[in-house]
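Observations on chain architecture
Each chain is listed here by its residues.
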Amino acid sequence: QVQLVESGGGLVQPGGSLRLSCAASGTIFSINFMAWHRQAPGKSRELVARIIIGGGTNYLDSVKGRFTISRDNARNTVYLQMNNLEPEDTAVYYCNAAVVVGIGRSPSDFWGQGTQVTVSS
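Residues numbered from 1 in each chain as written. Predicted model: local features only at pLDDT ≥ 70, side-chain atom pairs only at ≥ 80, totals over all residues. Heavy atoms only, no water.

1. Description of the overall build of the chain
- In terms of helices and strands, the chain carries zero helices and 11 strands.
- Moving toward the C terminus, one meets the helices and strands of the chain in the order β-β-β-β-β-β-β-β-β-β-β.
- On C-alpha atoms alone, the chain measures out to a radius of gyration of 14 Å, which is about the 14 Å that the 2.2 N^0.38 rule sets for 121 residues.
- Along the longest, intermediate and shortest principal axes, the C-alpha atoms of the chain span 50 × 25 × 25 Å.
- Split into buried and exposed, the 121 residues of the chain put 43% on the buried side.
- Taking as baseline every contact in the chain between residues at least 6 positions apart, the subset at least 24 positions apart corresponds to 56%.
- Of the accessible surface of the chain, which amounts to about 6200 Å², a share of 48% is contributed by carbon and sulfur atoms.
- Computed over 10 positive and 8 negative side-chain charges, the inter-centroid distance for the chain is 6 Å. (Helix = DSSP H or I, 4+ residues; strand = E, 2+ residues; numbered from the N terminus. Rg over C-alpha atoms; globule rule 2.2 N^0.38 Å. Buried < 20%, exposed > 50% of the residue type's maximum accessible area, 1.4 Å probe, protein only. Contact = heavy atoms within 4.5 Å. Areas by Shrake-Rupley, 256 points an atom, 1.4 Å probe, with all protein chains shown as cover. Lys, Arg positive; Asp, Glu negative; His and termini not counted. Charge placed at Lys NZ, Arg CZ, Asp CG, Glu CD.)

Here you go:
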C-alpha cells in the first residue's frame, strides 16, 4: 500500500529550529494533500499545517509565522520548517496524506508512525 516515513524530530532549546520531513512511498497515483498533526501528552491530536495539491496551505493559529509547510511533489515528500520553537510545541508530530492509489479511486488517509519533538532548556 502506502507508507509514510517521518524524520527530523529531536530535542531543541526554546527559540531553536527543527525541520521535519515525511516521504510517501508505495502505490501512489496522486496525493491530494499532505499534512502535519501533533499530539501532546494528555491532549487531543491537532492539525498543525496542511498543503494541498495546488500548493494552498493552512496553519494552526498558534504556529502561524513560525512554521512553514512545503512539498516536493516529484519526491512525494512534505516538510515542516519550525522556527522560534516554544515549550508548548512539544509533542509527537505525525505526517498524514490523502492518497489516490489508482485511476478512478477515492483518496485514502495514511499516517506515519510519528516523530518526537521536545522543546526544553
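Back to the write-up after that little detour.
2. Notes on the environment of R38
- Relative to the elements of secondary structure, R38 occurs in strand β4 (residues 30–39).
- For R38, a relative accessible area of 6% translates into the label buried.
- With 53 residues separating them along the chain, R38 and A91 place their C-alpha atoms 5.9 Å apart.
- For R38, the side chain forms a polar contact with the side chain of E46, separated by 2.8 Å.
- Among the polar contacts listed, one links the side chain of R38 to the side chain of D89, at a separation of 3.0 Å. (Polar contact = N/O pair within 3.5 Å; in protein donor to acceptor, adjacent residues only side chain to side chain.)

3. Describing the sheet that holds strand β8 (residues 77–82)
- One open sheet holds the four strands; their spatial order is β1-β3-β8-β7, and the pairing between them is antiparallel. Edge positions in the sheet fall to β1 (2–7) and β7 (67–72), since each of these pairs with one other strand and no more. Mean inter-strand twist for the sheet, computed between neighbouring axes without regard to direction, equals 15°.
- As paired strands, β7 and β8 are joined by six bridges and run antiparallel to one another. (Pairing = 2+ DSSP bridges. Axes fitted to C-alpha atoms, helices over the stretch in contact; angles between N-to-C directions.)

4. Focus: the nonpolar core
- One finds W36, L80, M82 and Y93 to be the most contacted residues of the largest nonpolar core, which totals 30 residues.
- Among the secondary structure elements, those contributing two or more residues to this core are β1, β3 (18–26), β4, β5 (46–52), β7, β8, β9 (91–100) and β11 (115–119).
- For this core, the element with the highest residue contribution is β9, accounting for five residues.
- The contact partners of Y93, leaving out residues within four places of it in the chain, are E6, L20, W36, H37, R38, V48, F67, L80, M82, G114, T115 and V117. (Core = buried A, V, L, I, M, F, W, Y, C linked by side-chain atoms within 4.5 Å.)

5. Observations concerning the pattern of salt bridges
- In total, this model carries six salt bridges according to the counting rule given.
- Linking R66 and D89 is a salt bridge whose minimum nitrogen-to-oxygen distance equals 2.8 Å. Taken together, the residues R66 in the loop between β6 (57–59) and β7 and D89 in the loop between β8 and β9 connect sequence positions 23 residues apart. For the residue pair R66 and D89, the accessibility class agrees, reading buried in each case.
- Within this structure, R38, E46, R66, E86 and D89 form a network of salt bridges that share partners. (Salt bridge = Lys/Arg side-chain N within 4 Å of Asp/Glu carboxyl O.)

6. Here we look at the side chain of H37
- Position of H37 relative to the elements: it lies in strand β4.
- For H37, a relative accessible area of 13% gives the class buried.
- Side-chain polar atoms of H37 contact the side chain of N96, separated by 3.3 Å.
- Once residues within four sequence positions are removed from consideration, H37 is found in contact with R45, E46, L47, V48, V92, Y93, Y94, N96 and W111.

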